[in-house]
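Chain by chain, the residues:
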Amino acid sequence: MENSNDDVSEKLEENLQQFVHHVPRWSFFIVIVIIGTLLFILPENLTLGPSWVIPVIALVLLIPMYISILKSQQKTTRIIALIITGIVTAGLISSVAYLVYNLIKHTGGTAVSSFFDAAIIWVINITIFSVWYWEIDQGGPYLRHVNKTQPTDFLFPQMYSDSQLWKNWKPEFLDYLFLAFNTTAALGPTDTMVMSRRAKLLMNLQALLSLVTVAVLAAHAIGTL
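Residues numbered from 1 in each chain as written. Predicted model: local features only at pLDDT ≥ 70, side-chain atom pairs only at ≥ 80, totals over all residues. Heavy atoms only, no water.

A. Highlighting the packing of helix α2 (residues 26-41) against helix α5 (residues 111-136). Taken N-terminus to C-terminus, the directions of α2 and α5 make an angle of 155°; their axes are 10 Å apart at the nearest point. Of the possible angle classes, the one that applies to α2 and α5 is roughly antiparallel. Remark: the crossing between α2 and α5 carries left-handed chirality. Seen from α2, the contacting residues are S27, F28, V31, I35, L38, L39 and I41; seen from α5, they are F116, I120, V123, I124, T127, I128, V131, W134 and E135. (Axes fitted to C-alpha atoms, helices over the stretch in contact; angles between N-to-C directions. Helix = DSSP H or I, 4+ residues; strand = E, 2+ residues; numbered from the N terminus. Parallel < 35°, antiparallel > 145°, perpendicular 65-115°, else oblique. Left-handed = near helix turned anticlockwise from the far one by under 90°. Contact = heavy atoms within 4.5 Å.)

As structure tokens, then:
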């Protein structure tokens, strides 16, 4: 009887390990590469140090993260993911700060170049915070797929729908990207309820950065008239 229980436990563990490998992480890698490319494109008067530093650090950290995924080390994977996200967020905040500084000191480029730089920063804002929401909601992508007892940071409409079609629905990366886009464009969520304080703080920061970016762009446009 005891051997039978051990066999069942081993089989469950094996199935869980196989399932773990299917927890989606490819979106994180793609988005970080996009963010790194956009940060690299920005002129160095809008970046913290040489424009290649933060992208290179983020991309290098993807290597140990990939190794931890292959080894199913979920806690290590999430720690590295949060470190990478924090690093690129620091790059975003510094770029917004330099954007404001250049406006005040009148050291920015032409109206066209300023619009181009602000547009890049605006896109970076969306992509970075989509990653934040993806990583924090219900303890991250792994726990969202294997544990339903984690506190919910974002309550999507599908979660409280009475339709059986949405009974087993779980948010994917595109849902968080949509949420981040709405927060940047409308300065708040449109169809999703924000439940946790940490999610509210992140959304406030994202909306603030978006508002400052648009305000600087508008001020620069007015100044050129």
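Structure's up, so let's keep going.
B. Spatial organisation of the nonpolar core. The biggest cluster of nonpolar side chains holds 44 residues, and the ones touching the most others in it are M65, I124, Y133 and F154. Looking at this core element by element, the count peaks at 11 residues for α5. With near-sequence residues (within four places) excluded, I124 lies in contact with I35, L38, L39, L42 and L92. (Core = buried A, V, L, I, M, F, W, Y, C linked by side-chain atoms within 4.5 Å. Buried < 20%, exposed > 50% of the residue type's maximum accessible area, 1.4 Å probe, protein only.)

C. Region of interest: a nonpolar patch on the surface. Taken together, the side chains of F40, W52, V56 and V60 present a nonpolar region at the surface, about 390 Å² in accessible area. With respect to the secondary-structure elements, V56 resides in helix α3 (residues 53-70). By relative accessible area, V56 is classed as partly exposed at 38%. (Patch = residues over 30% accessible without salt bridge, like charges linked within 9 Å, V, L, I, M, F, W, Y side chains within 5 Å. Areas by Shrake-Rupley, 256 points an atom, 1.4 Å probe, with all protein chains shown as cover. Salt bridge = Lys/Arg side-chain N within 4 Å of Asp/Glu carboxyl O.)

D. Molecular detail of helix α4 (residues 74-105). Counted at 1.5 Å a residue, the expected span for α4 with its 32 residues is 46 Å, and the 46 Å between its end C-alpha atoms agrees. Count one or two residues on from α4 and you reach H106, which has phi positive near 55°. (Expected span 1.5 Å × (residues − 1).)

E. Representation of the packing of α5 against helix α7 (residues 173-186) within the structure. Two elements in contact, α5 and α7, have axes whose closest approach is 8 Å; the angle formed by their N-to-C orientations is 130°. Taken together, α5 and α7 sit at an angle that is classed as oblique. In this structure, the crossing between α5 and α7 has a hand that is right-handed. For the pair α5 and α7, contact is made by W122, N125, I126, F129, S130, V131, Y133 and W134 and by F173, Y176, L177, L179, A180, F181, T183, T184 and A185, respectively. Broken down by class, the residue content of the contact of α5 with α7 amounts to 13 nonpolar, four polar and no charged. (Nonpolar A, V, L, I, M, F, W, Y, C, P; charged D, E, K, R; others polar.)

F. The arrangement of α5 in detail. For α5, which comprises 26 residues, the first-to-last C-alpha distance of 37 Å matches the rise-based estimate of 38 Å (1.5 Å per residue) to within 8%. Looking one or two residues past α5, Q138 carries a phi angle of roughly 55°, positive in sign.

G. How the structure looks around the pattern of salt bridges. In this structure the tally under the stated criterion is two salt bridges. Here E135 ties to R25 by a salt bridge, and the two come within 2.4 Å at their closest N and O atoms. Of the two residues, E135 sits in helix α5 while R25 sits in the loop between α1 (2-20) and α2, which places them 110 residues apart along the sequence. Considered together, E135 and R25 belong to a single accessibility category, that of buried residues. The residue D153 makes a salt bridge to R198 at a minimum N-O spacing of 2.7 Å. With D153 in the loop between α6 (141-146) and β1 (154-155) and R198 in helix α8 (residues 197-223), the pair connects residues that are 45 residues apart, well separated along the chain. Given the relative accessible area of 2%, D153 is considered buried.

Function cannot be inferred from these measures alone, as they are strictly geometric.
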